[in-house]
Amino acid sequence: MTELFDSLERGLKQAVAHADNTKKARTKKIMITELPTYTAKDIKAFRQKVELTQSAFAELMGISVKTVEAWESGRNNPNGSASRLLQLIEANPEVFMDELTIDNEAILQ
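Residues numbered from 1 in each chain as written. Predicted model: local features only at pLDDT ≥ 70, side-chain atom pairs only at ≥ 80, totals over all residues. Heavy atoms only, no water.

Concerning the packing of helix H3 (residues 54-61) against helix H5 (residues 80-91)
Consideration 1: Two elements in contact, H3 and H5, have axes whose closest approach is 11 Å; the angle formed by their N-to-C orientations is 105°. What the angle tells us is that H3 and H5 run roughly perpendicular. Across from Phe57, Leu60 and Met61 in H3, the residues of H5 making contact are Ala82, Leu85, Leu86 and Ile89. (Axes fitted to C-alpha atoms, helices over the stretch in contact; angles between N-to-C directions. Helix = DSSP H or I, 4+ residues; strand = E, 2+ residues; numbered from the N terminus. Parallel < 35°, antiparallel > 145°, perpendicular 65-115°, else oblique. Contact = heavy atoms within 4.5 Å.)

Focus: the confidence of the model for the protein chain
Consideration 1: When pLDDT is averaged across the protein chain, the result is 85; 89% of the residues are at 70 or more.
Consideration 2: Put simply, helix H6 (residues 93-97) is where the protein chain has its lowest mean pLDDT, 78, and helix H4 (residues 65-73) is where it has its highest, 97. (pLDDT = per-residue confidence, 0-100.)

With respect to the packing of aromatic side chains
Consideration 1: Within this structure, the stated rule accounts for one aromatic pair.
Consideration 2: Between Phe46 and Phe57, the aromatic rings sit 6.1 Å apart at their centres with planes inclined by 70°, giving edge-to-face as the arrangement. You can see Phe46 sitting in helix H2 (residues 40-49) and its partner Phe57 sitting in helix H3, a full eleven residues away along the chain.
Consideration 3: A relative accessible area of 10% places Phe46 in the buried class. (Phe/Tyr/Trp six-rings, centres within 6.5 Å; stacked < 30°, edge-to-face > 60°. Buried < 20%, exposed > 50% of the residue type's maximum accessible area, 1.4 Å probe, protein only.)

Things to note about the environment of Ser73
Consideration 1: As for its placement among the helices and strands, Ser73 is situated in helix H4.
Consideration 2: For Ser73, a relative accessible area of 43% corresponds to the partly exposed category.
Consideration 3: The sequence separation of Ser73 and Thr39 amounts to 34 residues, and the corresponding C-alpha distance is 9.4 Å.

Considering unusual backbone geometry
Consideration 1: Backbone geometry at Asn21 places phi at a positive 60°, although glycine is not the residue there.
Consideration 2: Its place among the elements puts Asn21 in the loop between helix H1 (2-19) and H2.
Consideration 3: Here Glu51, not a glycine, exhibits a phi torsion of approximately 55°, which is positive.
Consideration 4: Structurally, Glu51 can be placed in the loop between H2 and H3.

Focus: the side chain of Ser83
Consideration 1: Looking at the secondary structure, you find Ser83 in helix H5.
Consideration 2: On the basis of relative accessible area, Ser83 is assigned to the buried category, the value being 4%.
Consideration 3: The residues touching Ser83, leaving out its near neighbours within four places in the chain, are Leu35, Pro36, Tyr38 and Pro78.

Digging into the nonpolar core
Consideration 1: In terms of nonpolar packing, the biggest core is built from 15 residues, with Ile43, Phe46, Leu52, Phe57, Met61, Trp71 and Leu86 touching the most fellow members.
Consideration 2: The set of elements that each furnish at least two residues to this core consists of H2, H3, H4 and H5.
Consideration 3: Aside from chain neighbours lying at most four places away, what touches Leu86 is Tyr38, Ile43, Phe46, Phe57, Met61, Trp71 and Pro78. (Core = buried A, V, L, I, M, F, W, Y, C linked by side-chain atoms within 4.5 Å.)

See below:
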């Protein structure tokens with residue numbers, strides 16, 4: 001408990017010193033990669049690469065099957081957060097695939 005208290009106390013003292021302009025706050029500069037854009041062809045190819053049906057892919061993404069259909073037909077495009085999630089899944093498919101519980105082989109291609 002004292003370790004937690006000591007950590008909180010140090011943090012508060014640093015915050016007060018920064019507010020009083022007696023201590024400069026630490027900063028960290030990060031670079032965020034550009035948001036990717038995905039075409040209908042890209043999305044369908046990626047979904048097939050990870051061997052998911054539109055239904056299973058929709059479940060993985062947390063979206064409706066209609067949305068996946070619209071993306072793959074080119075009627076609609078993924079928004080910013082969906083594009084970022086696609087980027088993450090593309091980079092690390094095994095992490096996301098571990099999260100899918102497949103009870104029925106019918107949802108696999």
